[in-house]
Amino acid sequence: MNIDFRELVRKIDTRYKVVFLSTFLCGLLAQGMGLFNKYSVLDDPVTYDGFKNSYHLGRWMLALVGKLEFWLFGAERYSMPTFNGAMAMFFIAATTCVIVEMLEIKDLFLCTVVASLMVSFPVVTCTFAYMYVAPHYMFSLFIGALGAFFLVRKDKRIHFIIGLLLICASIGMYQAYLPVITTIMLIYLLGQIVTDDNLLNVWKKLGKTALGCVLFMALYFIVMKISLIITGEVLTSYRGISSMGNLPIGEYLNRVLFAYNEFFTPTEGAGFYMYLGNIVNIYRLVLAVGFVLGIDMLINVFKKSKIRACICCILLILLPLSTNLIFVMVDKSQVYSLMVYGALFPFIFFIWLVEHSKIDNKYIGKGLSWATAIVTVLLVLMFSRVDNRCYLKATYVQSETISYFNTLITQIKETDGYRENMPVAYVNEGQIQDAMLNTGDNRHLADIVLEPYYDVYGYVNCYSWKSFMWQWCGFAPERVDANEFAEMDEVKEMPHYPDDGSIKVINDTLVVNF
């Protein structure tokens, strides 16, 4: 071959090489358990061989990518931890390269920190619970960031169009990454206000960005409507998707207030709460120091131009809203862990402030650098520890669930009158209550409430429990409609599982009364 790979690697920006190396090394520390173990929770048992339809979720691009993937590989998108996880980490690294380039983060240590934070943030751990679609979501993140780069960083019309198409496609794969896209554009514009001496250029970039946001959202909704018409699908109410843009102004004002409140006082214990343990203290420290650095930047801009300072102030005020834009897009009750990648960006903004701060006192500057190094490394370790605790909980709970179902299967097969190929009716499905469940040492992981890292009841009562029992316990009998038995007096008199007599053969059907 006439390709000089060493020369190609040598030409790659050192920052990009550092980002990719950091992503995969830190990724092993944070996500290693998810990469080399198989966890089946929530959707995974019923989507182990791929996600067949996503048009009704407004994710038309996800469906198209699935078709392209099938054409390329000749097989469905299986839930494969190592392969899918590695691909997801590749796209996280690629996204980080776009971010450090767009935000002009040149310090190699800070590039390492940004990459490590991107891959260790618990949103990634929660996404890896949906491994069948994890690389596709991270690809969505990548093309969204790349689209933002073309939209605001480049000047040619063709770049603007490419940016629109990429962001539209990104939202068409997963809508919840929109806050990441808007936030990196916002931080970039702040940098332009500080560094660009031509105020007219600043106004042009602001106008172009605002126009771009309107156009890519309009384009997304147009394509979504067309895809629904072509496929005959109807937009689902899942996670508030069908209500986006269809609510009264008062409701959106309440959501905006909640987004700001969530920025300054995150809701501890919520399924989207990312700052477990002492991470919240680091978050508060970052906000405090970031506030001081932001005021210092504002003062320096004010010395140049009052108009610039006003624009800068407006953008700084919009920043908390942008990072938590997901709470405006859907009601807070519909937000869960996969949807809050934007919650990482107060830390990214802080790193950007440190990179671009102009501190005259060398002792303060050096102290800030050392403090940033210590705090960010500690933050990466804390996030990685949370990630591993999530996987540890999943390991315990999944093992307990397998054991529980194996016991159920044994009791079914030992029931008087049971024979092979006998149909089964599960009465009161999804209502298992057993005092012996969830009483082991995993109680120490009760503070892990990130979805979908549930306790054992979240497994045995999950809608996908029968598929889980088939895949992990090898039991998939013919099932009949339980409603045919639920109203029988004989069934009503049966005790509830696991009590003796809760499994019985009735009318040549084995009935389990949960």
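Residues numbered from 1 in each chain as written. Predicted model: local features only at pLDDT ≥ 70, side-chain atom pairs only at ≥ 80, totals over all residues. Heavy atoms only, no water.

Moving on: the overall build of the protein. The helix and strand tally for the protein stands at 20 helices and 3 strands. Taken over the C-alpha trace, the protein has a radius of gyration of 26 Å; the compact-globule value for 514 residues is 24 Å, and the two agree within 12%. Here the C-alpha coordinates of the protein stretch approximately 85 × 65 × 50 Å along the principal axes. Looking at the protein residue by residue over its 514 residues, the buried ones come to 54%. Long-range pairs, those at least 24 residues apart, make up 80% of the contacts in the protein with a sequence separation of at least 6. On the protein, roughly 23600 Å² of surface is accessible, and the fraction owed to carbon and sulfur atoms is 62%. Charged side chains of the protein number 40 positive and 43 negative; the gap between the two group centres comes to 17 Å. (Helix = DSSP H or I, 4+ residues; strand = E, 2+ residues; numbered from the N terminus. Rg over C-alpha atoms; globule rule 2.2 N^0.38 Å. Buried < 20%, exposed > 50% of the residue type's maximum accessible area, 1.4 Å probe, protein only. Contact = heavy atoms within 4.5 Å. Areas by Shrake-Rupley, 256 points an atom, 1.4 Å probe, with all protein chains shown as cover. Lys, Arg positive; Asp, Glu negative; His and termini not counted. Charge placed at Lys NZ, Arg CZ, Asp CG, Glu CD.)

On to empty space enclosed by the protein, then. Rolled over the atoms, a probe sized like a water molecule indicates the empty space that remains. According to the stated counting rule, one finds 5 cavities of 30 Å³ or more in the structure shown. Roughly 90 Å³ of volume is contained in the second largest cavity. Together, 14 residues line the second largest cavity, and Glu262, Tyr275, Asn324, Phe327 and Ala343 are the ones closest to its centre. (1 Å grid on protein atoms, 1.4 Å probe; cavity = no way out; pocket = protein on both sides within 12 Å on 5 of 7 lines; lining within 4 Å. Points joined across faces, edges and corners; volume = space filled by probe spheres on them.)

Once that is clear, we can look at the layout of surface pockets. Estimated volume of the largest pocket: approximately 740 Å³. As for the largest pocket, its lining consists of 27 residues, and the residues nearest its centre are Leu178, Thr182, Cys213, Leu321 and Leu325. Elements represented by at least two residues in the lining of the largest pocket include exactly helix 9 (178-195), helix 10 (199-231), helix 13 (306-323) and helix 14 (326-329). Top element by residues in the lining of the largest pocket is helix 10. It accounts for 8 residues. Of the residues in the lining of the largest pocket, the class split is 22 nonpolar, 5 polar and no charged. Volume-wise, the second largest pocket comes out at about 440 Å³. Gly290, Phe291, Leu316, Pro320 and Phe349 are, among the 19 residues lining the second largest pocket, the residues nearest its centre. (Nonpolar A, V, L, I, M, F, W, Y, C, P; charged D, E, K, R; others polar.)

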